[in-house]
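One letter stands for each residue in the lines below.
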Amino acid sequence: MIDHLLSLQKSEPEYYTDEIIKGLALILIFAGTDTTATTIEWAMSLLLNHPDVLKKARAELDTHIGKDCLMEESDFPKLQYLQSIISETTRLFPATPLLIPHISSENCQIGGFDIPRGTILLVNAWAIHRDPKSWKDATSFKPERFKNEESEAYKLLPFGLGRRACPGAGLANRVIGLTLGLLIQCYEWERVSEKEVDMAEGKGITMPKLEPLESMCKARAIIRKVL
Ligand code: HEM
């Protein structure tokens with residue numbers, strides 16, 4: 001990307017200044033790292049509290065990828081349950097729960113409220129994702145609800161919607177899917193004690209866990225085969 005921007009700098013130096021290029025690189029790092037890492041941590045925490053789901057995800061990987069090679073991006077279409085786990089994690093714990101503030105460009109009405117032009121608007125994705133009017137058993141972790149993607153996935157908005165939606169959604173899904181899939185494929189995971197992992201939320205632009213996740217893992221046989 002930087003290579004491309006530097007070549008644009010040659011043809012349009014007044015727009016593609018070093019500062020603009022630095023800004024673009026920084027926003028991608030800033031918007032893309034913490035959000036992705038936080039989502040993986042929430043997903044692992046949910047899996048540790050739901051060993052049945054973890055077992056089902058591992059079985060899916062063992063069935064469709066096998067025990068001799070590591071999953072790759074091209075395997076995603078075969079791993080529907082893994083995708084459902086990611087969707088259900090971003091439903092319950094959207095990394096940016098209030099998305100990013102927007103300003104109304106015209107006078108408008110939202111949900112019966114008159115909104116003057118220039119008003120700062122926040123979308124509470126966290127509350128929308130847990131609204132019992134939209135979701136059955138709204139606060140429970142049930143990846144199965146996304147089995148028929150068409151019926152439920154359209155109600156999710158962890159990446160925002162429309163023209164200003166997250167341009168990194170595709171990359172994030174691939175990085176989360178690959179990381180989570182490989183963690184499940186390569187290790188047996190367990191909680192550090194009988195006690196469930198604390199799912200309390202901390203504060204921040206991205207929503208961290210209040211207590212960082214601690215867990216135990218044991219390498220599976222596949223590690224010896226592939227490394
Ligand atoms: C789980 C991971 C991620 C989540 C939950 C997430 C979520 C979001 C949300 C909610 C927005 C604002 C959308 C709105 O206001 O309507 C946004 C914007 C943005 N995201 Fe992401 N994001 C993630 C990963 C990434 C990655 C990997 C990148 C790039 C490498 C990225 C780059 C951006 C950028 C540049 C914007 C600003 C877009 C604009 O203002 O037009 N994000 N993201």
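Procedures and definitions
Residues numbered from 1 in each chain as written. Predicted model: local features only at pLDDT ≥ 70, side-chain atom pairs only at ≥ 80, totals over all residues. Heavy atoms only, no water. UniProt positions renumbered as here; feature names shortened; annotations may be inferred. Helix = DSSP H or I, 4+ residues; strand = E, 2+ residues; numbered from the N terminus. Buried < 20%, exposed > 50% of the residue type's maximum accessible area, 1.4 Å probe, protein only. Contact = heavy atoms within 4.5 Å. Areas by Shrake-Rupley, 256 points an atom, 1.4 Å probe, with all protein chains shown as cover. Lys, Arg positive; Asp, Glu negative; His and termini not counted. Charge placed at Lys NZ, Arg CZ, Asp CG, Glu CD. Phe/Tyr/Trp six-rings, centres within 6.5 Å; stacked < 30°, edge-to-face > 60°. Core = buried A, V, L, I, M, F, W, Y, C linked by side-chain atoms within 4.5 Å. 1 Å grid on protein atoms, 1.4 Å probe; cavity = no way out; pocket = protein on both sides within 12 Å on 5 of 7 lines; lining within 4 Å. Points joined across faces, edges and corners; volume = space filled by probe spheres on them. Donors = N, O, S within 2.8 Å, 3.2 Å for Na, K, Ca; no water.

As recorded in an unreviewed UniProt entry, the chain goes by Cytochrome P450 and comes from Vitis rotundifolia. Under Subcellular location (unreviewed entry), UniProt gives the following word-for-word description of the chain: "Membrane". The record in UniProt for the chain states the following under Cofactor (unreviewed entry): "heme".

Engineer: Help me understand the overall build of the chain, please; the structure alone is not making it clear to me.
Structural biologist: Scanning the chain for helices and strands turns up eight helices and six strands. From first element to last, N terminus to C terminus, the chain shows the α and β order α-α-α-α-β-β-β-β-α-α-α-β-β-α. In terms of overall dimensions, the chain has a C-alpha envelope of 55 × 50 × 35 Å along the principal axes. Counting all 227 residues of the chain, 35% fall into the buried class. Nonlocal contacts in the chain, meaning residues at least 24 apart in sequence, comprise 69% of its contacts between residues at least 6 apart. As displayed, the chain offers around 14,200 Å² of accessible surface, 59% of which is attributable to carbon and sulfur atoms. Seen as two clouds, the 27 positive and the 31 negative side-chain charges of the chain have centres 4 Å apart.

Engineer: How do you make sense of the packing of aromatic side chains when you look at a structure like this?
Structural biologist: Applying the stated criterion across every chain, the model contains four aromatic pairs. Between Trp42 and Phe93 the ring centres are 4.0 Å apart and the planes differ by 5°, which places this aromatic pair in the stacked class. Highlighted residues: Trp42 in helix α2 (residues 18–49) and Phe93 in the loop between α4 (80–92) and β1 (102–103), separated in sequence by 51 residues. The two residues Trp42 and Phe93 agree in class, both being buried. Between Tyr187 and Trp189, the aromatic rings sit 5.9 Å apart at their centres with planes inclined by 65°, giving edge-to-face as the arrangement.

Engineer: Sorry if this is basic, but what is going on with unusual backbone geometry here?
Structural biologist: Working note: non-glycine residues mostly have negative phi, and peptide bonds are mostly trans. Even without being a glycine, Leu99 presents a positive backbone phi close to 50°. Structurally, the position occupied by Leu99 is in the loop between α4 and β1. Under the relative-accessibility criterion, Leu99 is labelled buried at 15%. Positive phi is not limited to glycine here, since Asp137 has a value of about 50°.

Engineer: Is there a simple way to explain the nonpolar core in this structure?
Structural biologist: Side chains that are nonpolar tend, in soluble globular proteins, to be buried together. In this structure, Leu47, Ile85, Leu180 and Ile184 are the most contacted members of the largest nonpolar core, which totals 27 residues. Elements that contribute at least two residues to this core include exactly α2, α3 (51–64), α4 and α7 (169–186). Top contributing element to this core by residue count: α2, with seven residues. When near neighbours in sequence (up to four residues on either side) are disregarded, Ile85 contacts Leu47, Val53, Ala57, Phe141, Pro143 and Leu180.

Engineer: Is there a simple way to think about empty space enclosed by the protein in this case?
Structural biologist: Empty pockets left among the atoms are what a rolling probe the size of a water molecule brings to light. For the structure on display, the rule yields one cavity of 30 Å³ or more. Considering the residues around the largest cavity, the lining is formed by Phe76, Leu79, Leu82, Gln83, Ile86 and Gly177.

Engineer: Could you clarify how one ought to interpret the coordination of the iron atom of the ligand in this entry?
Structural biologist: Expected angles at a metal are 109.5 degrees for tetrahedral coordination by four donors and either 90 or 180 degrees for octahedral coordination by six donors. Its sole protein donor being Cys166 (SG), the iron atom of the ligand sits 2.3 Å from that atom. When you line up the elements, Cys166 lands in the loop between α6 (149–152) and α7.

Engineer: I keep staring at the environment of Leu24 and nothing clicks. Help me out?
Structural biologist: Position of Leu24 among the secondary structure elements: in helix α2. With a relative accessible area of 34%, Leu24 lands in the partly exposed category. Along the sequence, Leu24 and Glu211 sit 187 residues apart, while their C-alpha atoms lie 32 Å from each other.

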